[in-house]
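A look at the structure
Listed below are the residues making up each chain.
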Amino acid sequence: MHQDLPPPPIIELIKVSKFYPPDVEALSDISFSVAKGEMVYLTGISGAGKTTLIQLISRMEKESKGVLDVAGFDLGKLNHRSIHLLRRKIGVAYQDFKLLPNRNVADNIAISMEVVHQKKSNIAERVRTLLEQLNLGKKYATLAGELSRGEQQRVAIARAVAHHPEILLADEPTGNLDAENTARVMSLFYQLNRQGCTLLIATHDKSLYRVGNRRIMELRGGRLLSAGTPFSTSNIAAPVVKALS
Amino acid sequence: MRSLSTILQHTGRNLLLTWKPQLMTFFAVMLSVLIFSFFYLTHANALHVGAEMGNDLRLVVYLDENPPPALQEEYRSRILKFDRVERIDFVSSQEAYARFAKQLANDSDVLSGVPADFLPPSIEVYPLRSLDSLARIKRFSDYLETLPGALKVQYGKEWIDHFHSFIQLMRIVIVLSGALLIITTTFMVAYTIRLNLFSRRKELELLRLVGATTTYIRMPFLLEGALIGFCGSTAGIVALYLLFRWIKLQFVGPALFSVVPFTFLSWPVTACIMLAATLLCALGSFHSTRPILHL
């Protein structure tokens, strides 16, 4: 009986809105939940609010209204002194990469493991594994500022997953990648998902979510239009969303 | 242990990245400590000199008539009420005459025909030998003049007045140089750290985003401030010691130094100055790293 229960939600948003002064409504009444171990695509055209949503979940921005519960933290009540506890459970691959251009690739990836005081030998090993996996094996000591956009994007992804996060938020993770490297990145994502990591991937690249039967949520003009699968994008019956929308 | 090594590594990296402003701050702290401790040393030695020269110091209160034993006790209790003293001697007219005659030695015949009570009786007060006894003499003298029957109070007034003024001036200079030390160390370090923070804002933001605690980010900067304070104050004290040695060798003859024991700052005072400079610099860092909390 116990095994039939759905996994508990690890990300839950209830009527979340985000306003920017003077009167820009970036997100409006967003409600959905993502179960632990789920892999969800967040789609929508540029300016739909995908990045804002990721920023809210990672607490880079604070919601204007509504309730956000991520990895057991009520983000509305999370203060500055405890914010690191949430962020250690999340890995974020930023759209603008947020790399340190004057530091080498290995240092850029290691940073997310150093803050949790992992052993140097473990860090070095993990960095090498990830670089091999993402076809960057020869770039270990290259300065991040000297890499191409595609390479920088993969380094940003490696940094996001290096510390084995419970949740991975990826904002346009394949935007600068060719087909081969896109496949490598997706392979890494599937591997993480199989290991229990929850993934929320913001993308407008249909080729990513056309295959498989992962849930797709679509944002338009700051509103959540659907939360169905690739084969039934208008199926709002899927999770909690139906009841809340 | 791992976190300490990471913090030290970050501190080292901070220092390397911004070594020019750090060097400027180091010199500013060094100079401030040197100026402050120089005046402090001068003041301390001046008090030593005062204490040495005040060993034979006494206040003589001339009275209008010989006080009977009961009045002597009254005088004694009044004097002790104002301040503790080393000794109080009552000198009658006759004792004063005898002392004067003794001083004249072979010329004592000049006193022939002079009545034995021609000198006024007096009270000789020997103040306690303490560092600022000279500074207290003036106030003591003013008080003794108010005793009943006191005609005049005598002591090395002019010399003591000058010395008192000098000590007062030194105290003002110490306070001013102390303020300079506080302003320089706190503000210079605060601005250097702020500059460092500004130049590394992206990195600090990233550290925050990947889950670094405030302490993890803040500690290297605090350590950096404290390190500048410690190194700057150590250099300042060393410079002062060299200056002290040089003055002792070059400017003053050994004769004076054998009479008056000029000494360098004691270990506790040196440690206090260095600790204060280190803490002030750490305080400056602490203040400038507050914005990190809001990243």
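Below is a short write-up of the structure.

What about the interface of chain A and chain B?
Reports of interface size often rely on the accessible area that becomes lost once the parts have come together. Listed by partner, the interface residues are 20 residues for chain A and 20 residues for chain B. Of the roughly 2000 Å² buried between chain A and chain B on both sides combined, carbon and sulfur atoms contribute 58%. Of all residues in chain A, the largest losses of buried area upon contact with chain B belong to His-80, Arg-87 and His-117 of chain A, amounting jointly to 28% of the total for that side. If you look at where chain A meets chain B, you find 1 salt bridge. Applying the counting rule to chain A against chain B returns 4 residue pairs in polar contact (both at pLDDT 80 or more). Elements represented by at least two residues in the side of chain A that touches chain B include exactly α2 (83–87) and α3 (105–114) of chain A. The residue inventory of the side of chain A that touches chain B, partitioned by class, reads 6 nonpolar, 5 polar and 9 charged.

Considerations on the pattern of salt bridges
Applying the stated criterion across every chain yields a total of 16 salt bridges over all chains. Here Lys-139 of chain A and Glu-151 of chain A are joined by a salt bridge, their closest N and O atoms 3.4 Å apart. Residue Lys-139 of chain A is located in the loop between α4 (120–133) and α5 (149–162), and its partner Glu-151 of chain A is located in helix α5; the two are separated by 12 residues in the primary sequence. For Glu-180 of chain A, the salt bridge identified is with Arg-184 of chain A, shortest N-O distance 3.6 Å. Of this pair, Glu-180 of chain A and Arg-184 of chain A both sit in helix α6 (residues 179–194), 4 residues apart, roughly one helical turn. Here the salt bridges share partners, and the residues they tie into one network are Arg-103 and Asp-107 of chain A together with Arg-200 and Glu-203 of chain B.

What about the packing of aromatic side chains?
Residues and elements named next belong to chain B. By the definition in use, this model includes 10 aromatic pairs over all chains. Ring centres of Phe-38 and Phe-39 lie 5.5 Å apart, and the angle between their planes is 70 degrees; on these two criteria the pair is classed as edge-to-face. On the basis of relative accessibility, which here comes to 25%, the residue Phe-39 falls in the partly exposed class. Their ring planes at 15 degrees and their centres at 4.6 Å tell us that Phe-82 and Tyr-143 sit as a pair that is stacked. On the criterion of sequence distance, the pair formed by Phe-82 in helix α3 (residues 69–82) and Tyr-143 in helix α5 (residues 133–144) is long-range, its members being 61 residues apart. A residue is classified by how much of its surface remains accessible, and Phe-82, at 34% relative accessible area, is partly exposed.

Definitions and limits used
- Residues numbered from 1 in each chain as written.
- Chains lettered and ligands numbered in written order.
- Predicted model: local features only at pLDDT ≥ 70, side-chain atom pairs only at ≥ 80, totals over all residues.
- Heavy atoms only, no water.
- Contact = heavy atoms within 4.5 Å.
- Buried area = accessible area lost by both parts, 1.4 Å probe.
- Salt bridge = Lys/Arg side-chain N within 4 Å of Asp/Glu carboxyl O.
- Polar contact = N/O pair within 3.5 Å; in protein donor to acceptor, adjacent residues only side chain to side chain.
- Helix = DSSP H or I, 4+ residues; strand = E, 2+ residues; numbered from the N terminus.
- Nonpolar A, V, L, I, M, F, W, Y, C, P; charged D, E, K, R; others polar.
- Phe/Tyr/Trp six-rings, centres within 6.5 Å; stacked < 30°, edge-to-face > 60°.
- Buried < 20%, exposed > 50% of the residue type's maximum accessible area, 1.4 Å probe, protein only.

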